[in-house]
4 protein chains.
Amino acid sequence: MKIGMIGLGRMGSNMARRLMEAGHDCVVHDRSDAAIASLVEDGAEGHGGVADFVAALPQPRTVWLMVPAGAVDETLGALAPHLESGDVVVDGGNSYYIDDLRRSAELKEKGITFLDCGTSGGVWGLDRGYCLMIGGDADAVSRLEPIFAALAPGEGEIVRTPGRPEGRGTAEKGYLHCGPSGAGHFVKMVHNGIEYGLMAAYAEGFAILKAANVGNKTDAPDAETTPLRNPEHYRYDMDLPEIAELWRRGSVISSWLLDLSATALIEDPGLAGFRGHVSDSGEGRWTIKAAIDEGMPVPVLSSALYERFSSRGQSDFADRLLSAMRHEFGGHLEKAVDESKQTVGRNDG
Amino acid sequence: MKIGMIGLGRMGSNMARRLMEAGHDCVVHDRSDAAIASLVEDGAEGHGGVADFVAALPQPRTVWLMVPAGAVDETLGALAPHLESGDVVVDGGNSYYIDDLRRSAELKEKGITFLDCGTSGGVWGLDRGYCLMIGGDADAVSRLEPIFAALAPGEGEIVRTPGRPEGRGTAEKGYLHCGPSGAGHFVKMVHNGIEYGLMAAYAEGFAILKAANVGNKTDAPDAETTPLRNPEHYRYDMDLPEIAELWRRGSVISSWLLDLSATALIEDPGLAGFRGHVSDSGEGRWTIKAAIDEGMPVPVLSSALYERFSSRGQSDFADRLLSAMRHEFGGHLEKAVDESKQTVGRNDG
Amino acid sequence: MKIGMIGLGRMGSNMARRLMEAGHDCVVHDRSDAAIASLVEDGAEGHGGVADFVAALPQPRTVWLMVPAGAVDETLGALAPHLESGDVVVDGGNSYYIDDLRRSAELKEKGITFLDCGTSGGVWGLDRGYCLMIGGDADAVSRLEPIFAALAPGEGEIVRTPGRPEGRGTAEKGYLHCGPSGAGHFVKMVHNGIEYGLMAAYAEGFAILKAANVGNKTDAPDAETTPLRNPEHYRYDMDLPEIAELWRRGSVISSWLLDLSATALIEDPGLAGFRGHVSDSGEGRWTIKAAIDEGMPVPVLSSALYERFSSRGQSDFADRLLSAMRHEFGGHLEKAVDESKQTVGRNDG
Amino acid sequence: MKIGMIGLGRMGSNMARRLMEAGHDCVVHDRSDAAIASLVEDGAEGHGGVADFVAALPQPRTVWLMVPAGAVDETLGALAPHLESGDVVVDGGNSYYIDDLRRSAELKEKGITFLDCGTSGGVWGLDRGYCLMIGGDADAVSRLEPIFAALAPGEGEIVRTPGRPEGRGTAEKGYLHCGPSGAGHFVKMVHNGIEYGLMAAYAEGFAILKAANVGNKTDAPDAETTPLRNPEHYRYDMDLPEIAELWRRGSVISSWLLDLSATALIEDPGLAGFRGHVSDSGEGRWTIKAAIDEGMPVPVLSSALYERFSSRGQSDFADRLLSAMRHEFGGHLEKAVDESKQTVGRNDG
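Just so it is clear, the model here is predicted, and its values are computed rather than measured.

Caption draft 1: The arrangement of the pattern of salt bridges in detail. Across all of its chains, the model carries 96 salt bridges over all chains by this definition. Ionic pairing is found between Asp293(C) and Lys289(A), a salt bridge with its closest N-O pair at 2.6 Å. Taken as a pair, Asp293(C) in helix 12 (residues 282–294) and Lys289(A) in helix 12 (residues 282–294) lie in two separate chains rather than in one. Judged by relative accessible area, Lys289(A) falls into the buried class, the value being 15%. Between Glu242(C) and Arg168(B) there is a salt bridge, with its nearest N and O atoms 3.2 Å apart. Of this pair, Glu242(C) sits in helix 10 (residues 240–247) while Arg168(B) sits in the loop between helix 8 (145–151) and strand 8 (175–179), placing the two residues on different chains. A single salt-bridge network, built from bridges that share partners, covers Arg160(A), Arg164(A), Glu166(A), Arg168(A), Glu172(A), Asp239(D), Glu242(D), Glu245(D), Arg248(D), Arg249(D) and Asp259(D).

Caption draft 2: Structural context of the relation of the copies chain B and chain A. Expressed as a screw transformation, the operator carrying chain B onto chain A has a rotation angle of 180° and an axial translation of 0.0 Å, and the superposed copies differ by an RMSD of 0.0 Å. This pairing of chains is accounted for by a two-fold axis. Looking at chain B, 100% of its interface residues are interface residues in chain A too, so the copies touch through the same face.

Caption draft 3: Expanded view of the sheet that holds strand 2 (residues 25–29) of chain A. Here 8 strands make up an open sheet; going across it, the order is 3-2-1-4-5-6-7-8 (chain A) and the pairing mixed. Unpaired on one side and paired on the other, strand 3 (45–46) and strand 8 (175–179) of chain A mark the two borders of the sheet.

Caption draft 4: Representation of the interface of chain B and chain A. Listed by partner, the interface residues are 83 residues for chain B and 84 residues for chain A. The junction of chain B with chain A conceals about 7,300 Å² of combined surface from both sides, 58% of it contributed by carbon and sulfur atoms. At the boundary of chain B with chain A, the tally comes to 2 salt bridges. Asp99(A) is the salt-bridge partner of Arg229(B), the closest N and O atoms lying 2.6 Å from each other. Where chain B packs against chain A, one counts 8 residue pairs in polar contact (both at pLDDT 80 or more). Those elements that place two or more of their residues in the side of chain B that touches chain A are strand 6 (113–120), helix 9 (183–210), helix 11 (256–267), helix 12 (282–294), helix 13 (299–311) and helix 14 (316–329) of chain B. Looking at the side of chain B that touches chain A element by element, the count peaks at 14 residues for helix 14 of chain B. Looking at the side of chain B that touches chain A, its residues break down into 31 nonpolar, 27 polar and 25 charged.

Caption draft 5: Highlighting the relation of the copies chain D and chain A. At an RMSD of 0.0 Å, chain D and chain A line up after a rotation of 180° and a shift of 0.0 Å along the axis. Comparing interface residues between copies, 100% of those in chain D also sit at the interface in chain A, which points to an isologous, same-surface contact.

Caption draft 6: Looking closely at helix 12 of chain C. Residues and elements named next belong to chain C. End to end, helix 12 covers 18 Å across 13 residues, agreeing with the expected 18 Å (1.5 Å per residue, within 8%). Those residues of helix 12 not exposed but buried are Gly282, Glu283, Gly284, Arg285, Trp286, Thr287, Ile288, Lys289, Ala290, Ala291, Ile292 and Glu294. Of the residues one or two after helix 12, glycine 295 is the one with positive phi, at around 70°.

Caption draft 7: A look at helix 1 (residues 10–21) of chain A. Residues and elements named next belong to chain A. Taking 1.5 Å per residue, 12 residues should reach 16 Å; helix 1 reaches 17 Å between its end C-alpha atoms and fits that length. Of all 12 residues making up helix 1, 10 are buried, and the element is well covered by its neighbours. Taken residue by residue, helix 1 has Met11, Gly12, Ser13, Asn14, Met15, Ala16, Arg17, Arg18, Leu19 and Met20 as its buried positions. In the segment just after helix 1, glycine 23 is the residue with positive phi, at about 100°.

Caption draft 8: Representation of the interface of chain D and chain A. Each partner contributes to the interface: chain D provides 93 residues, whereas chain A provides 94 residues. Buried surface at the junction of chain D and chain A, summed over both partners, amounts to about 7,900 Å²; 67% is from carbon and sulfur atoms. There are 8 salt bridges connecting chain D and chain A. A salt bridge links Asp239(D) to Arg168(A), with the nearest nitrogen and oxygen atoms 3.7 Å apart. Among the elements of the structure, helix 5 (97–108), strand 7 (131–135), strand 8 (175–179), helix 9 (183–210), helix 10 (240–247), helix 11 (256–267), helix 12 (282–294) and helix 13 (299–311) of chain D are those that each provide at least two residues to the side of chain D that touches chain A. With 17 residues, helix 9 of chain D is the single largest residue contributor to the side of chain D that touches chain A. A class-by-class count of the residues in the side of chain D that touches chain A yields 54 nonpolar, 21 polar and 18 charged.

Caption draft 9: Quick look at the environment of Arg285(C). All names here are of chain C. Structurally, the position occupied by arginine 285 is in helix 12. Judged by its relative accessible area of 6%, arginine 285 is buried. Sequence separation of arginine 285 and glycine 193 is 92 residues, and the distance between their C-alpha atoms is 7.8 Å. Polar contacts involving the side chain of arginine 285 include one to the side chain of aspartate 280, which spans 2.6 Å.

Caption draft 10: Structural detail: the packing of aromatic side chains. Counted according to the given criterion, the structure contains 44 aromatic pairs over all chains. Ring pairing ties together the aromatic residues Tyr96(A), Tyr97(A), Phe186(A), Trp286(A), Tyr234(D) and Tyr236(D), which thus form one cluster. Directly above the ring of Trp256(B) sits Arg128(B), whose terminal nitrogen or CZ lies 4.1 Å from the centroid. Positioned above the aromatic ring of Tyr196(B), the side-chain terminus of Arg308(B) is 3.7 Å from the ring centre.

Caption draft 11: Focus on the nonpolar core. One finds Trp247(A), Trp247(B), Trp247(C) and Trp247(D) to be the most contacted residues of the largest nonpolar core, which totals 272 residues. If we skip the residues at most four places from it in the chain, Trp247(D) touches Cys131(A), Met133(A), Val187(A), Val190(A), His191(A), Ile194(A), Phe206(D), Leu209(D), Ile253(D), Ser254(D) and Leu258(D).

Caption draft 12: How the structure looks around the domain arrangement of chain A. Residues and elements named next belong to chain A. Partitioning chain A into domains gives domain 1 (2–156 + 170–179) and domain 2 (189–238 + 275–334). Taken together, the contacts link 6 residues of domain 1 with 5 residues of domain 2. Between domain 1 and domain 2, roughly 490 Å² of surface is buried when both sides are summed, and carbon and sulfur atoms account for 66% of that area. A per-residue breakdown of the area domain 1 buries against domain 2 is headed by Asn94, Tyr96 and Tyr97, which together make up 72% of the total.

Caption draft 13: The pairing of strand 8 of chain B, seen in detail. Residues and elements named next belong to chain B. In terms of residue burial, strand 8 counts as a mostly covered element, since 4 of its 5 residues are buried. Taken together, the 4 bridges between strand 7 (residues 131–135) and strand 8 define a ladder with parallel strand orientation. Residue pairing across strands places leucine 132 opposite tyrosine 175, the latter belonging to strand 8.

Caption draft 14: Representation of the pairing of strand 4 (residues 62–65) of chain C in the model. Residue and element names in this part refer to chain C. Burial of strand 4 is two-sided: the residues Thr62 and Trp64 facing one way and the residues Val63 and Leu65 facing the other way are all buried. With 3 bridges connecting them, strand 1 (residues 2–6) and strand 4 associate as parallel partners. Following the sheet pairing, methionine 5 is matched in strand 4 by tryptophan 64. Strand direction decides the pairing type here: strand 4 and strand 5 (residues 88–91), joined by 4 bridges, are parallel. Across the sheet, residue tryptophan 64 finds its bridge partner in strand 5, namely valine 90. Handedness of the crossover joining strand 4 and strand 5 through helix 4 (residues 72–79) is recorded here as right-handed.

Caption draft 15: Representation of the sheet that holds strand 2 (residues 25–29) of chain C. Residues and elements named next belong to chain C. Sheet architecture is open: 8 strands sit in the order 3-2-1-4-5-6-7-8, paired in mixed fashion. A single partner strand is all that each edge strand has here, and the edge strands are strand 3 (45–46) and strand 8 (175–179). Strands in contact with helix 1 (residues 10–21) are strand 1, strand 2, strand 4 and strand 6 (113–120); relative to strand 1, the strand with the most contacts, it is inclined by about 165°. In the packing of helix 9 (residues 183–210) onto the sheet, the strands contacted are strand 5, strand 6, strand 7 (131–135) and strand 8, and the crossing angle to strand 6 comes to about 20°.

Calculation notes
- Residues numbered from 1 in each chain as written.
- Chains lettered and ligands numbered in written order.
- Predicted model: local features only at pLDDT ≥ 70, side-chain atom pairs only at ≥ 80, totals over all residues.
- Heavy atoms only, no water.
- Salt bridge = Lys/Arg side-chain N within 4 Å of Asp/Glu carboxyl O.
- Helix = DSSP H or I, 4+ residues; strand = E, 2+ residues; numbered from the N terminus.
- Buried < 20%, exposed > 50% of the residue type's maximum accessible area, 1.4 Å probe, protein only.
- Least-squares fit on C-alpha atoms with pLDDT ≥ 70 in both.
- Contact = heavy atoms within 4.5 Å.
- Pairing = 2+ DSSP bridges.
- Buried area = accessible area lost by both parts, 1.4 Å probe.
- Polar contact = N/O pair within 3.5 Å; in protein donor to acceptor, adjacent residues only side chain to side chain.
- Nonpolar A, V, L, I, M, F, W, Y, C, P; charged D, E, K, R; others polar.
- Expected span 1.5 Å × (residues − 1).
- Phe/Tyr/Trp six-rings, centres within 6.5 Å; stacked < 30°, edge-to-face > 60°.
- Lys NZ or Arg CZ within 6 Å of the ring centre and 35° of its normal.
- Core = buried A, V, L, I, M, F, W, Y, C linked by side-chain atoms within 4.5 Å.
- Domains from an automatic or database assignment.
- Right-handed = clockwise from strand over helix to strand, strands pointing away.
- Axes fitted to C-alpha atoms, helices over the stretch in contact; angles between N-to-C directions.

Listed below in structure tokens is the structure:
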């Protein structure tokens, strides 16, 4: 098929390349001429103008957007006037599924079909393929199946799920029509919510292992640390890179995120190259909001999100209020006392 | 009654004073001569030597310990050889109730009764009285009732609990025999566990209020903040001292901790005088351990404890591992990219 | 002043009574004639028709709505056509502050001022007064001050906050203009979010105390309980009503919610009259959503909300998936094995 | 090598079989004659008496224990008198690492070396191999390397970690000497703690997906559910088995636990065969206790554990206290009111 790709960042450019490798023709567009040029070198047809870009596509047209969530409305605003009834636009980025509902309704008025497609895989996707979670009109999804199949990993060497009937559906090939408009990004949203939880579980576990030597510390106990009751229980210097590697082999907790942890730890066992100010994208937040609307308890996913907030200093004011309350236990006259000098455990109630 | 008090820190010295104000006689002992002298000035009999201290008490003796949890064994080691069968020792500090079980068994071999007494009230206790949670032998508790009654707040002006029968017990006076050895410190432990939860609930709530103006920030969105979808919903500059004051009046969340928050906020609305490195004492930790032994879910109390850990930088390694995993999504070749430069939401999965 | 009150449920009727006791005149309206009649008996002027109700009020009119959040739009729809420029409507219910923004903008087009007023106090408010958190136009708030002052508790016998300047503001009287439109309900929202956290902290703590006797259980350990390592540490039969009473006296965790707990426990120590299916209203949920928008970590407030969700069986599917995963560890051939028969700890990884 | 295996349950018997398949000789012992007979049939030498069992092993002997954690002391008590200086005992079960410290010290007095070995893999281990986390004396670990290598998965087809030097250690083969006595079970403990977190992240995520159709429910809103503000956002009937399958392909959250989830869901999409009363073994609890000793915040791992507690009804009393407090808001006179009949959101503060 011939498909148009708008947005040639890391994700979009690699997806165009994977499509061309599979024999599809790509017409590409981006704000950056250099980005276009790079794809043209790899065999794409490039256009710096939206009108030319659209004109280069056969009807009914298929345009795949791979732009930041915040740029989708602007991009659609420039694109839609050039499209015609029967055309299909796929938003493959990280949009909020609630925006999909609005956008698909708006485009439908012009006869344009809007599909939402959550895409997982990162830069690994060029080689491994992208996991695609698709929402929107079933006929349009069906028509684009060659595109989805080319982008997705395919069955590869992954062991089949026991008990799964042959021909049950496309999920085994790495793409799935999840439901009507918004369903694709909804599934991707929850995917990222889960991802935060998984990452946090590993992070907390490795942190416990790293601190397994706290019993060796001979520092005089200070005001901010309750002395260890049994320091002899915490005298292990754990080799985190080796433990991460070990767990990749036959353990219940093996996963791709563990593979990445093993890679990170072998390169830099102390992770000194990182500040630990952990960003979060919209999906993690939207996942919690959806859970709250559903009345669904999600303490693990929420805790994972909050750890990221805290990592960026966001709990600062709350922490200071806790210190202030503790200070008040000591009475008005002692304001000058440095909180850090208080004897642990003597003024906690 | 005549009672001995060992440990003349803030708590012990005030308790001795409150006892003397109620007409009891106090014999006091401390490692610090100055501390003893100060109490002697207020009417106590002081002894720098343990033997003299004990000798000054009438049999059966009553000795109240008000020393740090870590000093109890040493103090008992020095004291016990001078005591005799029938004597009573009260540990009024913040000991782990599991230590009470051992200590009471050891002293029982010599005929000495060991009581554990959790004490709440801080420096406010001198005026307000101390809330006393007592464990150990019922007869000994009974014999010491005048002491407990003098230290406790008494009924005061607090409204009686509706439906509570007259003469139901001593709890209304502010002291209670909670059960056998360890029961007093067990109740105090849980008291402090609850206290952490209450403090954290207020701290989180005020933090939400403080940030209610994030929609006013005109900064270009950076990589670590997902842009607000509706900045117009967050344009409130809340007056925290006034809100704390307001909630003290007729609201469901009025409490003594809220009173303290109001005091802290009126003095220093931005809490600039605090670093927000929040200490924790043993009780908060032991509460969670007890809950785990009981198989009791305590997410609120645990979260409150963990916020204190995090406030002291303890989540640093876990945070860096999260950053490292996120970095790996981007592939091996991009190690030099500063994490903070990543576009939010484009490489989360 | 003469004020109109719409909505004569428990809250609205008591508020009208409190206003009349303070010398204000009330014109009342409700869908229920009986509710109107009851207030008329207490001295109010009642009208079953909205037009008559409005006509009975002097200009500029003041109408207080005390209807369920879900009925506010409908009530305003019926009311607004009868109002005129200069009139003021106060929404004293539990509306979402985001709706306040829309409603105040819509009414402003007609020259009508819309105030939002979060109200805390429950049925206790008739006697104790209501804590009022007010948002909207400052002049209108100022004009209605006699109404707010009459509804609020006033200074009463509550000890003044140390360090608070005389005449700092109205918060000491129990009402506060918190900011522009929505600010009142925003503060009330966070108030309830905090309330959930406080309630959960007490609930978890008392649950730990109640289970302090798990070491006495002589049952053969079953598959769902890890055997206690030290049963001798958990042999306390705690008297919860007495402990709740005790903590009301001089302890750091005294509060009005603790007072209520003491009342509930003295009446029914085992709380057998309750199912423990805990409802939640919108505020608790909106608080978490606001925190997420602000990027503010609120693990305690979230955990409290999720406990309520779980209490209503909402974690059922997640729990079954956990069981299913554990089952898969055991291999395909053992589907018939009852999960409850599994030996604890042998197939956890 | 010739090795003795005590404990022929699912794990022990399969491990003996895997050892024999690799060419090692196994002498086996169990309380059950049938279990012994089954292994003898597969080529092992079996003995019902401990003395005979030990006598059949060449010196220095190697005995592997694969018995429940609660039976280790008893087993060692029966075994140790028959052992001699130089012999090695491996505890391959799920013991608490703190017990390893005691046991290794006790056996060391007799010259016997005690190794602890955390074992992951379940019944899958017979084919896939077992992931082994070993603690104790380095020389003994070295001598037993052929045993560990036979039990472990080996390098297999798992992709090497990028950047990992050749010959870095044995972790790539699936076994690792983690440190001195207790280190093996410490690492296994944290492994299971992480496992709980991972499982909970998937469980919460799938639960959100399953409830994505709550907007379709046309029930009149009841007292326990806040009405959905935007039901049109929740009208997706998600196909969970397909989504689980999809995520196995190229997504960031692929893992072995996801593979198991896909298997469970394809067999029984509604998971109707499970009650959702989720057991927990010691490791999950010990992980949290270790984290608390270290002062390490672990909200995700704790939340995962608490969800299991709650799934077994353990939050019942806390929930009822919450209901009781809410009830008290309504005043003394309304005790007869059924909590479930309360209007949502009208008495929450």
